[in-house]
Amino acid sequence: MFKLTSLNLNGIRSASNKGLEPWLAAHQPDCICVQEIKAQAGDMAGRFEEIGDLKGHFHCAEKKGYAGVGVYTRHEPSEVLVGFDRGEFDGEGRYLELRFDTPQRKFSLISAYFPSGSSGEERQLAKYRFLDLIYPHLTALKSQRDFILCGDINIAHQQIDLKNWRSNQKNSGFLPEERAWMTKLLTDGGLVDVYRHLRPDTTDACYTWWSNRGQAYANNVGWRLDYHLATPALAGLARSEAIYKAEKFSDHAPITIEYDFSL
C-alpha cells in the first residue's frame, strides 16, 4: 500500500514546535505533501530538508514567511518540477511536482496550495486567475500521465463540505463560481475527488480546516478544504482514508489516503 498524507502546516516551524516530527515518525507515510511552509530555502537548510527518513523537496515563495509547498518522500523521484505558470503564481510558491517514472508507468505526485480570496477582492481575483491557469495545466497533464494532486484547494465543493453552508454562500471558499470550477474539474476535467470517492456522504467527519475565531475547532464548525485529486485509474486504487484530529499541528488536519500500489 502507498500511504499518502497531505497537510497545510501554517508554518513549518510552528508545526514542528507542535509535534509534527514525532507524529510523522509514528505515522510512517510513504510521502507527505505539505503546504504553507512559510519559509525560505535558507530557513530549511540544516533543519527541515529531511524529516526522519523522508527527504524533502520544496517550492518556496519569493516573499518571506508566505505560502510555499513541499513533498517529503522516502522514494527518490525521477524528476522534480518546480512551478507551473512561469509567472505570478510560481513567485508565490504554489506548485511542486515529483515524477516517479518507470518504463512501465508515468506517475506524478503534486503538492499544491491554491490561493485564498478571504482577505479581499484583490486576492479573490488572483484566486480566479490561478483557477483559470491550473485547469488547463491539469487537464493537459492528465492526457500524458497519471497523477495525484494533494493540497489545500481553498474551496469547499458541496454543502456537505462545510458546517454553515447557508451563511457562507457569499464568502470566499464557497462562492458559486469556485464551486462551479470544482464541478467542472471533476466532470469535464476528468479528475476524481478521492475522499468523496471513498466517503460520498460524510458531513461533520470530513472537515480539515477550522477558523481560529471563536470555538470553531471545539464545536467542529469546519470546512473540507484539503483534497486528494487523482486521475481515475489511481483513484480506483484508493482503499482507506483518515483525517487525523487527535493532535493539532496547525489550523488544518492531515488527510491520509492509502492506495493499492507501490512506488
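This section reports on the structure supplied with the text. Because the structure is a prediction, the values reported are computed rather than measured. (Residues numbered from 1 in each chain as written. Predicted model: local features only at pLDDT ≥ 70, side-chain atom pairs only at ≥ 80, totals over all residues. Heavy atoms only, no water.)

Time to look at helix H5 (residues 176-186). Taken residue by residue, H5 has Glu-178, Trp-181, Met-182 and Leu-185 as its buried positions. Seen along its axis, H5 keeps its buried residues to an arc of 100°; they face one direction. Considering only its buried residues, H5 is in contact with helix H4 (121-142) and strand S13 (226-230). (Buried < 20%, exposed > 50% of the residue type's maximum accessible area, 1.4 Å probe, protein only. Helix = DSSP H or I, 4+ residues; strand = E, 2+ residues; numbered from the N terminus. Arc of directions from axis to C-beta. Contact = heavy atoms within 4.5 Å.)

We now examine the packing of H4 against H5. Each pair of packed helices can be described by the angle between their axes along with the distance between the axes. Look at H4 against H5: their axes get within 11 Å of each other, and the N-to-C directions meet at 5°. Between H4 and H5, the angle falls in the class roughly parallel. Residues Gln-124, Lys-127, Tyr-128, Leu-131, Ile-134, Tyr-135 and Leu-138 of H4 pack against Glu-177, Glu-178, Trp-181, Lys-184 and Leu-185 of H5. Classifying every residue of the contact of H4 with H5 gives 7 nonpolar, 1 polar and 4 charged. (Axes fitted to C-alpha atoms, helices over the stretch in contact; angles between N-to-C directions. Parallel < 35°, antiparallel > 145°, perpendicular 65-115°, else oblique. Nonpolar A, V, L, I, M, F, W, Y, C, P; charged D, E, K, R; others polar.)

On to the sheet that holds strand S1 (residues 2-8). Taken in spatial order, the 7 strands of this open sheet run S3-S4-S5-S2-S1-S15-S14, and their pairing is mixed. At either margin of the open sheet sits one strand with a lone partner, and together these are strand S3 (50-51) and strand S14 (238-243). Note: S3 against strand S4 (residues 54-59), 2 bridges, orientation antiparallel. Counterpart to Glu-50 in the pairing with S4 is Lys-55. In the packing of helix H2 (residues 20-27) onto the sheet, contacts are made with S1, strand S2 (31-35), S3 and strand S15 (255-259), and the angle to S1 comes to roughly 165°. (Pairing = 2+ DSSP bridges.)

What follows is about empty space enclosed by the protein. Here the structure, examined in full by the defined rule, presents 1 cavity of 30 Å³ or more. Every residue lining the largest cavity is listed: Trp-210, Tyr-217, Tyr-244, Glu-247, Lys-248, Phe-249, Ser-250, His-252, Ala-253 and Pro-254. For the lining of the largest cavity, a count of residues per class yields 6 nonpolar, 2 polar and 2 charged. (1 Å grid on protein atoms, 1.4 Å probe; cavity = no way out; pocket = protein on both sides within 12 Å on 5 of 7 lines; lining within 4 Å. Points joined across faces, edges and corners; volume = space filled by probe spheres on them.)

Let's shift gears to the pattern of salt bridges. Taken as a whole, this structure holds 18 salt bridges when the rule is applied. Ionic pairing is found between Arg-99 and Glu-97, a salt bridge with its closest N-O pair at 2.8 Å. The residue Lys-163 makes a salt bridge to Asp-204 at a minimum N-O spacing of 3.1 Å. One end of the pair, Lys-163, is in the loop between strand S9 (146-152) and H5; the other, Asp-204, is in the loop between helix H6 (194-198) and strand S11 (209-210), with 41 residues separating them in the sequence. Taken together, the salt bridges that share partners define one network made up of Asp-161, Asp-193, Arg-196 and Arg-224. (Salt bridge = Lys/Arg side-chain N within 4 Å of Asp/Glu carboxyl O.)

Strand pairing in a sheet is mediated by backbone hydrogen bonds. Such pairs are either parallel or antiparallel. Reading across the sheet, the 6 strands line up as S6-S7-S8-S9-S13-S10 and stay open at both edges, with mixed pairing between neighbours. The two strands at the open ends of the sheet, each matched to only one other strand, are strand S6 (79-82) and strand S10 (192-193). Sheet topology note: the strand S7 (residues 95-99)/strand S8 (residues 107-113) ladder contains 5 bridges and is antiparallel. Directly across from Tyr-95, in S8, lies its bridge partner Ala-112. Packing against the sheet, H4 makes contact with S7, S8 and S9, and its axis sits at approximately 10° to S7. Against the sheet, H5 touches S10 and S13, its axis set at about 30° to S13.

What is shown is where atoms sit, not what they do.
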